[in-house]
Amino acid sequence: TKVLSGMHRSLVQTGLRTMCVWLCGVALFDASGGRLGEPWLGWTSLLEVIGFLTFLCGFFLYSGVLKLPTVFQACEPAVAGYEALAGAPAAKAPESAEEAPKKAAQEPAQQP
């Protein structure tokens, strides 16, 4: 987990391993003349490839390798607490009318 998070490791182990095993099975079927492996079944096999490509796009979006258009990125700072999560100093909330006199009484008076 030094380079990748646990989520990345889980996605790689489940998704990529499954797809590699399936591709090896299809290649083995062709190489063995149909004695071993799994045949290419037309549109159902194509559907598996489309699902894998969808998985890869989601994985790369999650990793930050792929970026969506800036319309979505402009909305990120509007999320409550985003600045604190991103490491930026959080904006100070305005004081209520009740808290201001209490705070003024606690602070020492400054002399000119």
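So, here is what we can say about the structure in this document. (Residues numbered from 1 in each chain as written. Predicted model: local features only at pLDDT ≥ 70, side-chain atom pairs only at ≥ 80, totals over all residues. Heavy atoms only, no water.)

**Quick word on the nonpolar core**
Cut-off, in case you're wondering: In plain words, nonpolar cores are sets of buried Ala, Val, Leu, Ile, Met, Phe, Trp, Tyr and Cys residues tied together by side-chain atoms within 4.5 Å. Burial classes follow relative accessibility: with a 1.4 Å probe on protein chains only, a residue under 20% of its type's maximum area counts as buried, one over 50% as exposed, and anything between as partly exposed. Helix and strand labels come from DSSP, where a helix needs a run of H or I of at least four residues and a strand needs a run of E of at least two; each type is numbered from the N terminus. Residue contacts are counted whenever heavy atoms from the two residues lie within 4.5 Å of one another.
Of all hydrophobic cores here, the largest spans 5 residues; its members are Met19, Trp22, Val26, Phe52 and Leu56. Those elements giving two or more residues to this core turn out to be helix H1 (6-31) and helix H2 (43-63). Looking at this core element by element, the count peaks at 3 residues for H1. Those residues in contact with phenylalanine 52 that sit more than four places away from it in its chain are Gly15, Leu16 and Met19.

**What about the packing of aromatic side chains?**
Spelled out, the test is: Each pair of aromatic rings taken from Phe, Tyr and Trp, with Trp reduced to its six-membered ring, is defined by centres within 6.5 Å and is described as stacked if the planes are under 30 degrees apart, edge-to-face if over 60, and tilted in the remaining cases.
Taken as a whole and judged by the stated rule, the model has 4 aromatic pairs. Put simply, the rings of Phe52, Phe55, Phe59 and Phe60 touch in pairs and so form one group of aromatic residues.

**Considerations on H2**
Rules: What a helix is expected to span follows from its residue count: subtract one and scale by 1.5 Å. An arc is given here, and it is the one of the directions from the helix axis to the C-beta atoms.
For H2, which comprises 21 residues, the first-to-last C-alpha distance of 30 Å matches the rise-based estimate of 30 Å (1.5 Å per residue) to within 8%. Restricting attention to buried positions, one finds in H2 the residues Ser45, Phe52, Leu56 and Phe59. The buried residues of H2 occupy one face: seen down the axis, they fall within an arc of 65°. Set apart from the buried face of H2 by more than 90 degrees, the exposed residues are Trp43, Leu47 and Thr54. Where H2 is buried, its residues touch H1. Residue glycine 64 follows H2 closely and has a positive phi angle near 90°.

**Overview of the side chain of serine 45**
In this structure, serine 45 sits in helix H2. In this structure, serine 45 is in contact with Trp22, Pro39 and Trp40, ignoring residues within four places of it in sequence.

**Concerning H1**
The terminal C-alpha atoms of H1, which comprises 26 residues, lie 36 Å apart, in line with the 38 Å expected from a rise of 1.5 Å per residue. Regarding H1, the residues found buried are His8, Gly15, Met19, Trp22, Gly25 and Val26.

**Re a nonpolar patch on the surface**
Let me state the cut-off plainly: Only residues above 30% relative accessible area that lack a salt bridge enter a patch, with like-charged residues linked at up to 9 Å and the nonpolar side chains Val, Leu, Ile, Met, Phe, Trp and Tyr linked at up to 5 Å. Note on areas: these come from Shrake-Rupley sampling with a 1.4 Å probe, and a residue is covered only by the protein chains present in the view. Here, a salt bridge means any side-chain nitrogen of Lys or Arg that lies within 4 Å of a carboxyl oxygen of Asp or Glu.
Together, Phe60, Leu61, Val65, Leu66 and Leu68 make up a nonpolar patch on the protein surface, roughly 420 Å² of accessible area in all. Relative to the helices and strands, phenylalanine 60 resides in helix H2. Note on phenylalanine 60: relative accessible area 31%, which makes it partly exposed.

**Topic: the packing of H1 against H2**
For the record, the criterion: Lines fitted to C-alpha atoms define the axes, with helix axes restricted to the stretch in contact, and inter-axis angles between N-to-C directions lie between 0 and 180 degrees. The scheme is simple: roughly parallel for angles under 35 degrees, roughly antiparallel for over 145, roughly perpendicular for 65 to 115, oblique for anything else. Should the near helix be turned counterclockwise from the far one by less than a right angle, the crossing is left-handed, whereas a clockwise turn marks it as right-handed. Polarity classes work like this: nonpolar for Ala, Val, Leu, Ile, Met, Phe, Trp, Tyr, Cys and Pro, charged for Asp, Glu, Lys and Arg, and polar for all others, with Gly in that last group.
Contact pair H1 / H2: the axes reach a minimum separation of 11 Å and the direction vectors enclose 160°. Put simply, H1 runs roughly antiparallel to H2. When the axes of H1 and H2 are compared, the crossing they make is left-handed. Along the contact surface, H1 presents Met7, His8, Leu11, Val12, Gly15, Leu16, Met19 and Trp22, while H2 presents Ser45, Glu48, Val49, Phe52, Phe55, Leu56, Phe59, Tyr62 and Ser63. In terms of residue class, the contact of H1 with H2 is built from 12 nonpolar, 4 polar and 1 charged.

Interpretation note: all reported values are geometric properties and have no functional meaning in isolation.
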